[in-house]
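Fold and contact review
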Amino acid sequence: MLMKNMPFRHRLCWSVLCGVVLAGVIALITPAQGPDKVPVARGRGGAVASVDGDATQVGINVLKAGGNAVDAAVATAAALGVTEPFSAGIGGGGFMVIRQADGQVITLDGREEAPALTTPNMFDDPDSQTGEPLPYFPERISSGLAVGEPGTLLNWETALRRYGTLGLGEALQGAIALAETGFTVDDTFVGQIERNRDRFAAFTSTRDLYLPGGSPPAVGTTFTNSDLAATYQQLAEQGTNAFYRGDIAQAIVDTVQSPPTVDNPSFRVYPGRMDRGDLDRYEVRVRPPTVTQYRGYQLYGMGLPSSGGITVAQTLELLEDLPLSALPMADAQHYILEASRRAYADRNAYLGDPEYVDVPLLGLFKEDYLRRRAATMVERQASDAATPGNPVPFQNDPSPSLTRQPELSVSQTQEGVSTTHLSVVDAAGQVVSYTLTIESTGGSGIVVPGYGFILNNELTDFDPVAPHPNTPEPGKRPRSSMSPTIMVGAPGDDQIYAFGAPGGATIITTVLGIVNNVVDFYQELPDAIAAPRLSQRNTAETLAEVGFEEKSLAETLVDWGHRFRITEEIGAATGIVIDENGEMTAVAEPFRRGGGSAMVVEQGG
Ligand code: GLU
């Protein structure tokens, strides 16, 4: 009752307090297992923020032993493959943004890739007379068809070789120990299995690992994954060849082509067509970052095939001429929603794998184009669905695209809400912002038998309609929303930030919100991450987190024509900021997805 009458922000603070007290009580009555999850840590010498205490600890241990931020990021990610297996792991892919101490920024694209036998209509329902795609849930997302060649392992190896100091084997040691000795099962882990119960029960390997005896492991028990420990150990000894060319490659291909389905599964399981050649050909791409100036801050993001960096940047460009910080909050939020609606319309129409699609990026970022697009935003009046602009005439390109205003199918991707983001910095100033995923929570739901990791279902990020820049094609990478970001402060304010989030297409608006909160609304990073989120993706309704409906801000925006749909939570983010004086603040979520874990090497200012 008390909570109900409180403004949302106060309720948030109230809940934090209750949470802290409750955590203390629980700590007293349960044996100490795994490090406590602390959402904010300040200090020096290096920092790690992830969704999980054990994984963050593994990263901190690497930093303490003299590893750099890339070493610690890989070690943390490998540990997340153990403790957060439904969000990330070597069966998936991801994007890593690295800032070297000298300021150079590089990105690594470890996105999954479509097998050579992929066709644009790969997800068509073979039993449909009208060419309908397979139902998204559970058939499309729980199939061998949806599995792309995993990029995560080669991403780790590439990052270590180019920018790290450890070998892959050394970086995997913390995760091997964790998989062998186990971690404490929490509510989030059990909840994720419960939500996937039918999918997991359809595959013998997944059922045996995550539904032992027919049920998820109990909260508070210790969960080990000896198959995954052995897989990591094999990779430590033999390197990535075992995965892309050796027995693990064979096991992946067998699993995709002939999923280990139980007798009489509750849905039909469609096999995929990945083969050994596909895995053999897989490469990580080293790509330049997207670079944007916003009110004096410099943002580095992930370029194509992720739409993340581009769509965040385009939204900010549409807002740049508006004095958001001086406007009443309702006006500022109105413009943020309107700008992201327009940026999403362009994203949905034009963005795809740049090795397959002539994306009109020059036009999309031409000042005239952006000005015209921004001019369609109306004061205090929400617009209906935005149509994409036509950036092609603004290209100024000596060899212009042959595309006119394209007549494309409407984007139909349905992205999951899984994924995980980790942020790491070291004492020397190397910064890593890394988002990795297996797409849906629980990926394809298929554990590779005997190897202990779940295969992704990333190919469901393609648009199952054609023609479209994001149509499935052989060797193509599905468009992503992952937005690992590094932001460097305005001159005179030398702070360096790293942040990112999970949440499918809401990743972009979560990252955008963090930027607006820091730059426009002058919030410290912990507040910017904890603050309630809105997400407008050119949909009829804007997604808002529980509690928003009770705010006067909501009332005003509804009066101006905005419509909202309330959801439990959007995007458990993590981030780190390094102050001018070298102090580091690592930030995780206080509540979302059960709360995250932030640690520093040396606690204190
Ligand atoms: N597959 C999504 C993407 O690449 C991420 C999945 C998620 O966050 O749920 O954007």
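Residues numbered from 1 in each chain as written. Predicted model: local features only at pLDDT ≥ 70, side-chain atom pairs only at ≥ 80, totals over all residues. Heavy atoms only, no water.

Relative to the assigned elements, Thr158 resides in helix α5 (residues 152-163). From its side chain, Thr158 meets the backbone oxygen of Leu154 in a polar contact 2.6 Å long. Setting aside residues no more than four positions away along its own chain, Thr158 makes contact with Leu108 and Val284. (Helix = DSSP H or I, 4+ residues; strand = E, 2+ residues; numbered from the N terminus. Polar contact = N/O pair within 3.5 Å; in protein donor to acceptor, adjacent residues only side chain to side chain. Contact = heavy atoms within 4.5 Å.)

Cis geometry is adopted by the peptide bond preceding Pro305, which originates at Leu304 and carries an omega value of 10 degrees. Residue placement: Pro305 occurs in the loop between β8 (297-301) and α15 (308-319). The omega angle of the peptide bond from Ala466 to Pro467 is 0 degrees, so this bond is cis rather than trans. By the element assignment, Pro467 lies in the loop between β10 (431-437) and β11 (485-488).

Moving on, we get to the confidence of the model for the chain. Across the chain, the average pLDDT comes to 92, with 91% of residues at 70 or higher. Confidence drops under a pLDDT of 50 for residues 1-32, and excluding neighbours within four residues, the segment shows 19 contacts in the predicted structure. (pLDDT = per-residue confidence, 0-100.)

The local shell around the ligand holds 16 residues, among which Ser418, Thr419, Glu439, Glu458 and Asp461 are the closest. Measuring from a nitrogen atom of the ligand, one finds a side-chain N or O atom of Glu458 at 2.5 Å. Between the ligand and Ser481, the relevant distance is 2.6 Å, taken from an oxygen atom to a main-chain nitrogen or oxygen of the residue. Coverage of the ligand by the protein amounts to 100% of the 300 Å² it exposes when considered alone. Residues belonging to the shell around the ligand are distributed by class as follows: three nonpolar, eight polar and five charged. (Near = heavy atom within 4 Å. Areas by Shrake-Rupley, 256 points an atom, 1.4 Å probe, with all protein chains shown as cover. Nonpolar A, V, L, I, M, F, W, Y, C, P; charged D, E, K, R; others polar.)

Looking now at the pairing of strand β7 (residues 290-294). Looking along a regular strand, one sees the side chains alternate between the two faces of the sheet. The side-chain alternation of β7 yields one buried face, formed by Thr290, Thr292 and Tyr294, and one unburied face, formed by Val291 and Gln293. When β7 meets β8, the two strands line up antiparallel, connected through five bridges. Bridge assignment links Thr290 to a residue of β8, and that residue is Gly301. Between β7 and β8, which pair antiparallel in sequence order, lie two residues; one of them, Arg295, sits at a positive phi of approximately 50 degrees. (Buried < 20%, exposed > 50% of the residue type's maximum accessible area, 1.4 Å probe, protein only. Pairing = 2+ DSSP bridges.)

To continue, consider the sheet that holds strand β14 (residues 542-545). The three strands are arranged β13-β14-β15 in an open sheet whose pairing can be described as mixed. Bordering the open sheet on either side are β13 (534-535) and β15 (564-567), each of which pairs with just one other strand. Two strands pair when backbone bridges link them, and β13 and β14 are joined in this way by two bridges, in the antiparallel orientation. Looking across to β14, one finds that Leu534 is bridged to Ala544.

Moving on: the environment of Ala101. The topology assignment puts Ala101 in the loop between β2 (93-99) and β3 (105-110). By relative accessible area, which is 51% here, Ala101 ends up exposed. Residues contacting Ala101, with those up to four places away along its chain left out, are Ala428, Gly429 and Gln430.

Let us now look at helix α3 (residues 69-83). In this model, α3 (15 residues) spans 20 Å end to end at C-alpha, consistent with the 21 Å of a helix rising 1.5 Å per residue. By the criterion of burial, α3 is predominantly enclosed, with 15 of the 15 residues buried. Where α3 begins, one side-chain oxygen reaches toward the backbone nitrogen of Val70, 3.1 Å away; that side chain belongs to Asn68. (Expected span 1.5 Å × (residues − 1).)

For side chains bearing opposite charge, pairing can occur when the charged atoms are close. The final tally for this structure, using the stated rule, is 27 salt bridges. The salt bridge partner of Arg111 is Glu458, with a shortest N-O separation of 3.0 Å. One end of the pair, Arg111, is in the loop between β3 and α4 (136-140); the other, Glu458, is in the loop between β10 and β11, and 347 residues separate them in sequence. The pair Arg111 / Glu458 is uniform in exposure class, with both members buried. Where Arg268 meets Asp127, a salt bridge forms, and the shortest distance between an N and an O atom there is 2.9 Å. Taken together, the residues Arg268 in the loop between α13 (247-257) and α14 (276-281) and Asp127 in the loop between β3 and α4 connect sequence positions 141 residues apart. Each of the salt bridges in this network shares a partner with another, and the network as a whole consists of Asp109, Glu113, Glu283, Arg285, Arg287, Glu355 and Arg477. (Salt bridge = Lys/Arg side-chain N within 4 Å of Asp/Glu carboxyl O.)

Moving on, we get to the packing of aromatic side chains. Overall, the coordinates contain 16 aromatic pairs when judged by the stated rule. Residues Phe183 and Phe223 carry aromatic rings whose centres are separated by 5.7 Å and whose planes lie at 55 degrees to one another, so their mutual orientation is tilted. One end of the pair, Phe183, is in strand β4 (residues 183-184); the other, Phe223, is in strand β5 (residues 222-223), and 40 residues separate them in sequence. Here Phe223 falls in the buried class, since its relative accessible area comes to 7%. Look at Phe189 and Tyr210: their rings are 6.1 Å apart centre to centre, the planes differ by 70 degrees, and that puts the pair in the edge-to-face class. Of this pair, Phe189 sits in helix α8 (residues 187-195) while Tyr210 sits in helix α10 (residues 204-210), and the two are 21 residues apart along the sequence. (Phe/Tyr/Trp six-rings, centres within 6.5 Å; stacked < 30°, edge-to-face > 60°.)

What follows deals with helix α16 (residues 329-350). An ideal rise of 1.5 Å per residue puts 32 Å on 22 residues; α16 measures up with 31 Å between its terminal C-alpha atoms. Counting buried positions along α16 yields 21 of 22 residues, so the element is predominantly enclosed.

Moving on: the side chain of Thr290. Here Thr290 shows up in strand β7. Filtering out sequence-adjacent residues up to four positions away, Thr290 remains in contact with Leu299, Tyr300, Gly301, Met302, Gly303, Gly309 and Ile310.

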